Amino acid sequence: MGWSVMARYRLYCPDCGAEGTTSDRWTLDELLVMHEDNHPRHAPDYETLEVRQ
């Protein structure tokens with residue numbers, strides 16, 4: 001087995017104040033797509049919480 005990078009991100013949206021954190025259930029891409037579906041004109045951003053390998 002090779003190594004894998006596990007990263008956790010916090011998504012936040014300055015337009016509406018929504019926040020979310022990636023987990024085993026949601027990836028960053030999924031959180032961004034869900035926010036886009038709910039608030040198409042917002043521009044959410046994200047920050048890296050931790051990266052493990």
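Treat the numbers as computed from the prediction; the structure is a model and nothing was measured.

Draft legend 1. Layout of the sheet that holds strand E3 (residues 45–52). Reading across the sheet, the three strands line up as E2-E1-E3 and stay open at both edges, with antiparallel pairing between neighbours. What marks the edges here is a single partner per strand, and that holds for strand E2 (19–21) and E3. The average angle at which neighbouring strand axes cross in this sheet is 15 degrees, direction not considered. Across the sheet, helix H1 (residues 28–38) touches strand E1 (6–12), E2 and E3, and the angle it forms with E1 is around 20 degrees.

Draft legend 2. Molecular detail of the state of the cysteines. Scanning all chains against the criterion turns up zero disulfides. Distance from the sulfur of cysteine 13, which forms no disulfide, to the nearest cysteine sulfur (cysteine 16) is 3.9 Å. What makes cysteine 16 partly exposed here is its relative accessible area of 36%.

Draft legend 3. Structural detail: the pairing of E1. Of the strand pairs in this sheet, E1 and E3 are connected by seven bridges, and their pairing is antiparallel. Residue pairing in the sheet places arginine 8 in a bridge with glutamate 50 of E3. Judged from the three bridges that link them, E1 and E2 form a sheet pairing that is antiparallel. Within E2, the residue paired with arginine 10 across the bridge is threonine 21.

Draft legend 4. Local environment of the environment of tyrosine 9. The residue tyrosine 9 is located in strand E1 in this model. Relative accessible area serves as the criterion here: at 23%, tyrosine 9 is assigned to the partly exposed category. Considering only alpha carbons, one finds tyrosine 9 and leucine 49, 40 residues apart in sequence, at a separation of 5.2 Å. In this structure, tyrosine 9 is in contact with Gly20, Thr21, Thr22, Leu28, Tyr46, Glu47, Thr48 and Leu49, ignoring residues within four places of it in sequence.

The rules behind these values
- Residues numbered from 1 in each chain as written.
- Predicted model: local features only at pLDDT ≥ 70, side-chain atom pairs only at ≥ 80, totals over all residues.
- Heavy atoms only, no water.
- Pairing = 2+ DSSP bridges.
- Helix = DSSP H or I, 4+ residues; strand = E, 2+ residues; numbered from the N terminus.
- Axes fitted to C-alpha atoms, helices over the stretch in contact; angles between N-to-C directions.
- Contact = heavy atoms within 4.5 Å.
- Disulfide = S-S within 2.5 Å.
- Buried < 20%, exposed > 50% of the residue type's maximum accessible area, 1.4 Å probe, protein only.

Any functional reading would require information that these geometric values do not contain.
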